[in-house]
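Below, each chain spelled out in residue letters.
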Amino acid sequence: IPLSDNSFLNPKRIAIAGVSKKQGNVGRMILDNIRKSSLSEPDLFVIKPSISEFDTIQCLPDVSALVNNPVDILILSLPAEACVETIEKLLQLGAGTHVIYIVAGGIGDGADQSGYGSHLSSLIKQRRDNNQWCPAVVGPNGLGMIISPLQLNSLFIPQDKLNINFDPRSQVALISQSGAFLITRLSRHDNLSLKYGFYIGNQIDMRLSDFMALVERDKSVRVLALYVEGFADGDACAVAKLVKKFKAANRHVILYKG
């Protein structure tokens, strides 16, 4: 998996698909949170046909517009079928983003009645095996990320309800397989400041060890907390090796297996 430090830990350009003005629209809530970050507004994009801007944010007609002007992160707040179709189109185009966050469920879980998960997994594996372009894919059920140095929060919980304590000097990171676990920790402990918080979802591509490897590269993180419900195939060994690497540098890992 192409793990770009900047794309995950210091993204500069973000696009979102699935934004509307409907009450409670998930994409809209994500956009509202991201707009409060230190990212400049010209580096935020909404994928939405037929209009040129959405609340002053530039709109692009579809993901093909990203090919010659790629973003670091593309957030897909779309239904399962539309998510898979969008990723297929991007793969055919061969460019557009370094990272995709899939917000939706229904891909490779109990609600997947159409085989979207197995189809997408096979597609990703095929392209990687053939050394073809393929972005890193987070999720499905990828609730989002918190990056304190950028005051960036891509969760779909309004900031006034969660009140995230952004602290770029924090030496703590949390990687959670459960969005509820991450949100509950932040909600109950308002003195908890994270430099990074990642909700990784169902690990269709990016695994726990991949996120650990990214955080390990930032030596300012002294404590890494993990909430794990289940390891992807073969990933427990990779996680154990990374724990050893943290310990060898006198850094700490707290692993809570749900």
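Here, residues in each chain are numbered from 1, in the same order as that chain's written sequence. For this predicted model, a pLDDT threshold of at least 70 governs which residues receive local features, and a threshold of 80 or more governs which side-chain atom pairs are given and counted, while totals over whole chains, interfaces and linings are taken from all residues. No hydrogens and no water enter the side-chain calculation; it runs on all heavy atoms of the structure.

K.L.:
Run through the sheet that holds strand E2 (residues 44-47), naming residues and quoting values.
P.N.:
For two strands to be treated as a pair, DSSP must find at least two bridges joining them. Starting at the N terminus, helices and strands are each numbered in turn, a helix being any DSSP run of H or I of at least four residues and a strand any DSSP run of E of at least two. An order of E3-E4-E2-E1-E5-E6-E7 is seen for the seven strands of this open sheet, with the pairing classed as mixed. Each of the sheet's edge strands pairs with one partner strand only, and the pair in question is strand E3 (53-54) and strand E7 (136-138). Across three bridges, strand E6 (residues 97-102) lies against E7 in parallel orientation. Bridging from a neighbouring strand, Tyr-101 pairs with Val-138 of E7. In what follows, a contact means two residues having at least one pair of non-hydrogen atoms within 4.5 Å. To obtain each axis, a line is fitted to C-alpha atoms, and for helices this fit is confined to the stretch in contact; angles are then taken between N-to-C directions over 0 to 180 degrees. Those strands touched by helix H3 (residues 80-93) are strand E5 (71-76) and E6, and its axis lies near 170 degrees from that of E6.

K.L.:
So what's going on with helix H4 (residues 116-129)? Residues and values would help.
P.N.:
For an α-helix, 3.6 residues make a turn, and residues three or four places apart therefore share a direction. For a helix, the expected span equals 1.5 Å multiplied by the number of residues minus one. In a regular helix each residue adds 1.5 Å, so 14 residues correspond to 20 Å; H4 covers 20 Å between its end C-alpha atoms and thus fits that length. Buried means the residue's accessible area, taken with a 1.4 Å probe over protein chains only, is under 20% of the maximum for its type, while exposed means over 50%, and partly exposed covers the values in between. When H4 is considered as a whole, its buried residues turn out to be Gly-117, Leu-120, Leu-123, Ile-124 and Arg-127. Seen end-on, H4 carries its buried residues on one side only, within an arc spanning 135 degrees. Facing away from the buried side of H4 by over 90 degrees, the exposed positions are Ser-118, Lys-125 and Asp-129. By definition, the arc is the one covered by directions from the helix axis to the C-beta atoms.

K.L.:
I'd like to hear about the environment of Pro-42, residue by residue, with values.
P.N.:
Among the secondary structure elements, Pro-42 is positioned in the loop between helix H2 (26-35) and E2. Residue Pro-42 is classed as exposed on the basis of its relative accessible area of 60%.

K.L.:
Describe the sheet that holds strand E13 (residues 252-257), naming the residues involved and giving the relevant values.
P.N.:
The mixed open sheet is built from six strands, whose spatial order is E9-E8-E11-E10-E12-E13. Of all the strands in the sheet, just strand E9 (152-153) and E13 have a single pairing partner and so form its edges. Bridge count between strand E8 (residues 144-147) and strand E11 (residues 196-199): four bridges; the pairing is antiparallel. Across the sheet, the residue bridging to Ile-147 is Tyr-196, located in E11. Lying over the sheet, helix H6 (residues 179-188) contacts E8, strand E10 (172-176), E11, strand E12 (223-228) and E13, oriented at roughly 145 degrees with respect to E10.

K.L.:
Let's hear about the packing of H3 against H4: which residues, and what values?
P.N.:
Between H3 and H4, the shortest axis-to-axis distance is 11 Å and the interhelical angle comes to 15 degrees. In this view, H3 runs roughly parallel relative to H4, as classed from their interaxial angle. Relative to H4, the crossing made by H3 is left-handed. Between H3 and H4, the residues in contact are Ala-80, Glu-81, Val-84, Ile-87, Glu-88 and Leu-91 and Tyr-116, His-119, Leu-120, Leu-123 and Arg-127, respectively. Split by residue class, the contact of H3 with H4 holds seven nonpolar, one polar and three charged. Between 65 and 115 degrees an angle is taken as roughly perpendicular, under 35 as roughly parallel, over 145 as roughly antiparallel, and anywhere else as oblique. Two helices that cross are described as forming a left-handed crossing if the nearer one is turned anticlockwise from the farther one by less than a right angle, and a right-handed crossing if clockwise. Any residue that is not Ala, Val, Leu, Ile, Met, Phe, Trp, Tyr, Cys, Pro, Asp, Glu, Lys or Arg is counted as polar, Gly included; the first ten are nonpolar and the last four charged.

K.L.:
An account of the packing of aromatic side chains is requested, with residue identities and associated values reported.
P.N.:
To pair, rings of Phe, Tyr and Trp, with the six-membered ring standing in for Trp, must have centres within 6.5 Å; the planes then decide the type, stacked if under 30 degrees apart, edge-to-face if over 60, and tilted in the middle. This model, assessed by the stated rule, comprises six aromatic pairs. Consider the rings of Phe-8 and Phe-211, whose centres lie 5.8 Å apart with planes at 80 degrees: the pair is edge-to-face. Residue Phe-8 is found in helix H1 (residues 5-9), and its partner Phe-211 is found in helix H7 (residues 208-216); the two are separated by 203 residues along the sequence. Phe-8 sits in the buried class, given a relative accessible area of 1%. For Phe-211, a relative accessible area of 1% translates into the label buried. Note on Phe-181 and Tyr-256: the rings are 5.8 Å apart at their centroids and 65 degrees apart in plane angle, and the pair reads as edge-to-face. Of this pair, Phe-181 sits in helix H6 while Tyr-256 sits in strand E13, and the two are 75 residues apart along the sequence. Look at Phe-181 and you get buried, because its relative accessible area is 15%. One aromatic cluster is present, formed by Phe-8, Tyr-196, Phe-198 and Phe-211 through successive ring pairs. Consider the ring centre and the ring normal. A charge sits over the ring if Lys NZ or Arg CZ is within 6 Å of that centre and within 35 degrees of that normal. Cation over ring: Lys-21 sits above Phe-54, and NZ or CZ is 5.7 Å from the ring centre.

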